[in-house]
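Below, each chain spelled out in residue letters.
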Amino acid sequence: MAANDKERRSGRDRRDDMIDAEVPSTRKRERRMGDRRDSPRVPLTLLVRSVEEGGSFVEHKGDISVGGVFFSDRHAPTGRQVELRFRIAGYDREIRCQGEIIRVSQGKGQSGAHVRFVDLPTDVELAVARFIDAHLAKKKG
């Protein structure tokens with residue numbers, strides 16, 4: 001079997017190796033340690049409610065990234081779909097959107113819900129990105 005056949009079967013080729021060589025070593029280390037975030041996270045207070053259960057929105061402390069939010073609670077969330085409401089500086093309206101719980105983590109008597117935004121409008125996604133950039137710039141300055 002030729003070397004190229006092995007590379008094709010494993011799903012890797014030289015381009016993957018070249019891309020890996022360009023990734024800074026700290027980012028490689030973060031990926032190995034389970035940190036696969038596409039953007040930094042910024043602390044945020046948000047309102048959450050289960051789509052399946054309905055009911056009232058419950059306030060949670062968490063954080064936001066371009067792709068979603070994280071929040072913690074004493075009890076693991078039920079269901080996979082949540083409704084989210086939050087405000088960010090630089091956007092004049094409350095943001096209301098849907099989210100999908102992609103993972104629940106456990107630790108220190110708390111459960112953490114990792115939520116991916118579902119069909120976030122482009123203007124809101126851009127506002128979130130600007131909010132994160134402004135927060136990071138303020139932190140550095």
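This section reports on the structure supplied with the text.

Conventions and cut-offs
Residues numbered from 1 in each chain as written. Predicted model: local features only at pLDDT ≥ 70, side-chain atom pairs only at ≥ 80, totals over all residues. Heavy atoms only, no water. Salt bridge = Lys/Arg side-chain N within 4 Å of Asp/Glu carboxyl O. Helix = DSSP H or I, 4+ residues; strand = E, 2+ residues; numbered from the N terminus. Buried < 20%, exposed > 50% of the residue type's maximum accessible area, 1.4 Å probe, protein only. Pairing = 2+ DSSP bridges. Axes fitted to C-alpha atoms, helices over the stretch in contact; angles between N-to-C directions. Contact = heavy atoms within 4.5 Å.

### Structural notes on the pattern of salt bridges
Where charged atoms from two side chains of opposite charge come close, those side chains can pair.
Part 1 of the reasoning: For the structure shown, the criterion picks out seven salt bridges.
Part 2 of the reasoning: A salt bridge links Arg49 to Glu83, with the shortest nitrogen-to-oxygen separation between them at 3.0 Å. With Arg49 in strand 1 (residues 42-50) and Glu83 in strand 4 (residues 81-86), this residue pair connects regions lying 34 residues apart in the sequence.
Part 3 of the reasoning: A salt bridge links Arg93 to Asp123; the nearest nitrogen and oxygen atoms lie 3.6 Å apart. Of this pair, Arg93 sits in the loop between strand 4 and strand 5 (95-107) while Asp123 sits in helix 4 (residues 122-140), placing them 30 residues apart in sequence.
Part 4 of the reasoning: Taking relative accessible area as the criterion, Arg93 reaches 47% and is therefore assigned partly exposed.
Part 5 of the reasoning: Residues joined by salt bridges that share partners form a network here, namely Arg80, Glu100 and Arg116.

### Considerations on the sheet that holds strand 3 (residues 68-73)
Part 1 of the reasoning: Taken in spatial order, the six strands close into a barrel running 1-2-3-6-5-4, and their pairing is antiparallel. The mean angle between the axes of side-by-side strands here comes to 45°, regardless of whether they run parallel or antiparallel.
Part 2 of the reasoning: One ladder, built from six bridges, connects strand 4 with strand 5; its direction is antiparallel. Pairing of Gln81 across the sheet is with Glu100, part of strand 5.
Part 3 of the reasoning: Of the strands in this sheet, strand 1, strand 2 (58-64) and strand 5 touch helix 4, which is tilted by about 145° from strand 1.

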